[in-house]
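The residues making up each chain are set out below.
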Amino acid sequence: MNLYITRAGFLTSVQDLGRTGFREFGVSRSGALDSFALRVANLLVGNDEGAAALEITLGGLRLRFNDQRIVAWCGGGFDVQVDSRPLPPGHRAHLQAGDELKFGQPKIGCRAWLAISGGIDVPVVLGSRSTDLRANFGGFEGGALRDGDVIPLRSRPGSPTPATGISPWTASHDWVSPARLDPTLRFVRGCHWERFNPSTLQRFTSEAFTVSPDSDRMGVRLDGPELRRTDESDLISEAVAPGTIQVPPSGKPIVLLGDCQTIGGYLRIAHVITVDLGMAAQLRAGDHVRFCEVSLADAHRLLLERERELERFRIGLRLQLA
């Protein structure tokens, strides 16, 4: 029960929902940068929502299985094929032993999450199977996958149906294809909002920023209007989290992602709301992004609404597969 990596692509790693409870020790969360997309993909193949899967960055991945598996993926605008058959996002595919799954380069966005029935069977480190690419632990041998790797898989949940092919039904389009052209990320004010002058805040919410090539799983660095603070006094390092928007002395903001540090000494102007973190994870060099303020109450409401919709999806999926 193995997965054979013919070509590992630009950056492919094993990720689940990440590590929780260790930030006080300086351990980053890691995990899928779009945890919701991972949850949906896992539900589609019959896994627990937090099962370990593959996070694919910028495509180029080719792999094969040595037994029958069900797969599904969510993410950017990738050209994905099972042998010569296209596999759209959010559709279940029943793969036979020897079938090849290929991820081309994305037309929009930059990341995808591939769930495999049973999940990936790598050791649990600090409560997670995720790869911490900066600290080089977890996942498969502590790093990104390489050509020729053989990845162990867990036993399939139940017996796979004898049917082959690709399901005609799918999940919500916004869930399985979160990448957007020129997206607008909604945010709530950060604790240092008042330390920026009105003209700076106006630029932050009205002008577009460009994603810098110097971006990674730790954070998305942005070029564009400089965000200047009203005083230059030093800050004490305080806790940060995925979604925090930091403003370093250069005035160029950074949207923190899943591999971000646990504390930071830069001003925190805002925080991207949870339901928009999936769009932030799809930003790649040259993309344009804008920011729009919402209230904390609206951020909570949007998250609760999505969770209610997901529960309805779970029920519908059980009925569909019964």
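Keep in mind that what you see is a predicted model, and the values were worked out from it rather than measured.

What counts as what
Residue positions are counted from 1 within each chain, in the order its sequence is given. In view of the model being predicted, local features appear only for residues whose pLDDT reaches at least 70, and side-chain atom pairs are presented and counted only at 80 or more, with totals across whole chains, interfaces and linings using the full set of residues. To obtain the side-chain values, all non-hydrogen atoms of the structure were used and water was disregarded. Here a strand is any run of E in DSSP of at least two residues, a helix any run of H or I of at least four, and the numbering for each starts at the N terminus. Relative accessibility decides the category of a residue: with a 1.4 Å probe and only protein chains considered, values under 20% of the type maximum give buried, values over 50% give exposed, and everything between is partly exposed. The protein chains shown are the only cover counted for residues, whose accessible areas, like all others here, come from Shrake-Rupley with a 1.4 Å probe. Two strands are counted as paired when DSSP detects at least two bridges linking them. Note on aromatic contacts: the rings of Phe and Tyr and the six-membered ring of Trp form a pair at centre separations within 6.5 Å, being stacked when their planes are under 30 degrees apart, edge-to-face when over 60 apart, and tilted otherwise. Working rule: Lys NZ or Arg CZ, within 6 Å of ring centre, within 35 degrees of ring normal, means a charge sits over the ring. The convention used is that axes are lines fitted to C-alpha atoms, helices contributing only their stretch in contact, and that angles between N-to-C directions extend from 0 to 180 degrees. Orientation is classified from the angle alone, with under 35 degrees giving roughly parallel, over 145 giving roughly antiparallel, 65 to 115 giving roughly perpendicular, and any other angle giving oblique. Here a crossing is taken to be left-handed if its near helix is turned anticlockwise relative to the far helix by less than a right angle, and right-handed if that turn runs clockwise. By definition, residues are in contact when any of their heavy atoms lie within 4.5 Å. Only Asp, Glu, Lys and Arg are considered charged in this grouping, and only Ala, Val, Leu, Ile, Met, Phe, Trp, Tyr, Cys and Pro are considered nonpolar; every other residue, Gly among them, is considered polar. Nonpolar cores are built from buried Ala, Val, Leu, Ile, Met, Phe, Trp, Tyr and Cys residues. Side-chain atoms within 4.5 Å join them into one set. Definition of a polar contact: a pair of N or O atoms within 3.5 Å, with one able to donate and the other able to accept a hydrogen when the atoms are protein atoms, and with sequence-neighbouring residues admitted only if both atoms are side-chain atoms.

**Overview of the overall build of the protein chain**
Secondary structure assignment for the protein chain yields five helices and 23 strands. With 322 residues in all, the protein chain has 51% of them scored as buried. Summed over its atoms, the accessible surface of the protein chain is roughly 14,000 Å², and 52% of this surface lies on carbon and sulfur atoms.

**A look at the sheet that holds strand β4 (residues 61-65)**
Within a sheet, adjacent strands bond to each other through the backbone by hydrogen bonds, running parallel or antiparallel. If you walk across this open sheet you meet the six strands as β7-β6-β9-β4-β1-β13, and the pairing is antiparallel. For this open sheet the edge positions go to β7 (85-86) and β13 (150-152), each flanked by a neighbour on one side alone.

**Here's the deal with the packing of aromatic side chains**
Enumeration according to the criterion identifies eleven aromatic pairs in this entry. Clustering of aromatic rings is evident, with ring pairs tying together Phe187, Trp193, Phe204, Phe209 and Phe291. Here the basic side chain of Arg306 rests over the ring of Phe36, its NZ or CZ set 3.9 Å away from the ring centre.

**A closer look at unusual backbone geometry**
Apart from glycine, the bulk of residues carry a negative phi angle, and the bulk of peptide bonds sit in the trans form. Phi is positive for Glu141, close to 55°, though the residue is something other than glycine. A positive phi angle, near 45°, is found at Asp182, a position not held by glycine.

**Some points on the pairing of strand β19 (residues 244-247)**
Taking every second residue as pointing to the same face, both faces of β19 are buried, with Thr244 and Gln246 on one and Ile245 and Val247 on the other. Two elements, β19 and strand β22 (residues 267-272), share four bridges in a ladder whose sense is antiparallel. Across the sheet, residue Ile245 finds its bridge partner in β22, namely Ala270. Bridge count for β19 against strand β20 (residues 254-256) is two bridges, and the pairing is antiparallel.

**Quick look at the packing of helix α1 (residues 35-45) against helix α5 (residues 296-321)**
It is the contact of α1 with α5, at a shortest axis distance of 11 Å, that shows an interaxial angle of 10°. As far as their axial angle goes, α5 and α1 are roughly parallel. In this structure, α1 meets α5 at a crossing whose hand is right-handed. Here Phe36, Arg39, Val40, Leu43 and Leu44 of α1 lie close against α5, whose contacting residues are Arg306, Glu307, Leu310, Phe313, Arg314 and Leu317. Residues belonging to the contact of α1 with α5 are distributed by class as follows: seven nonpolar, no polar and four charged.

**Considering the pairing of strand β10 (residues 111-116)**
The buried count for β10 comes to six of six residues, which makes it a mostly enclosed element. The pairing of strand β3 (residues 53-57) with β10 spans four bridges and is antiparallel. In the sheet register, Thr57 faces β10, and the bridge partner there is Arg111. In this structure, strand β5 (residues 69-75) lies alongside β10, joined through five bridges in antiparallel fashion. Residue pairing in the sheet places Val71 in a bridge with Ile116 of β10.

**What about the nonpolar core?**
Of all hydrophobic cores here, the largest spans 49 residues; its most connected members are Val40, Phe204, Ile269, Phe291 and Phe313. When residues in this core are grouped by element, the largest group, eight residues, is from α1. Setting aside residues no more than four positions away along its own chain, Ile269 makes contact with Arg189, Gly190, Trp193, Phe196, Leu201, Phe204, Leu227, Ile245 and Val247.

**Concerning the sheet that holds strand β23 (residues 288-293)**
As summarised here, the arrangement of the seven strands in space is β15-β22-β19-β20-β17-β16-β23, forming a closed barrel in which the pairing is mixed. Taken pair by pair, the neighbouring strands of this sheet meet at an average axis angle of 40°, ignoring direction.

**Side note on the side chain of Gln68**
Here Gln68 shows up in the loop between β4 and β5. Assessed through its relative accessible area of 19%, Gln68 is described here as buried. Engagement of the side chain of Gln68 in a polar contact is seen with the side chain of Gln96, the distance being 3.4 Å.

**A closer look at α1**
Think of an α-helix as 3.6 residues a turn; residues three or four steps apart then line up on the same face. Extensive coverage of α1 is indicated by the burial of ten of its eleven residues. For α1, the set of buried residues is Phe36, Ala37, Leu38, Arg39, Val40, Ala41, Asn42, Leu43, Leu44 and Val45. Lining the buried residues of α1 we find β2 (11-15), β3, β5, β10, α2 (173-176) and α5. Looking one or two places after α1, you find Gly46, whose phi comes out positive at around 90°.

**Structural notes on the environment of Arg129**
Here Arg129 shows up in the loop between β10 and β11 (131-132). Distance from Arg129 to Gly139, taken between C-alpha atoms, is 5.2 Å for residues ten residues apart in sequence. With sequence-adjacent residues up to four places away left out, Arg129 is seen in contact with Val14, Asp16, Arg19, Ala52, Ile120, Asp121, Val122, Pro123, Val124, Gly138, Gly139 and Arg154. At 2.7 Å, the side chain of Arg129 and the backbone oxygen of Val122 are in polar contact.

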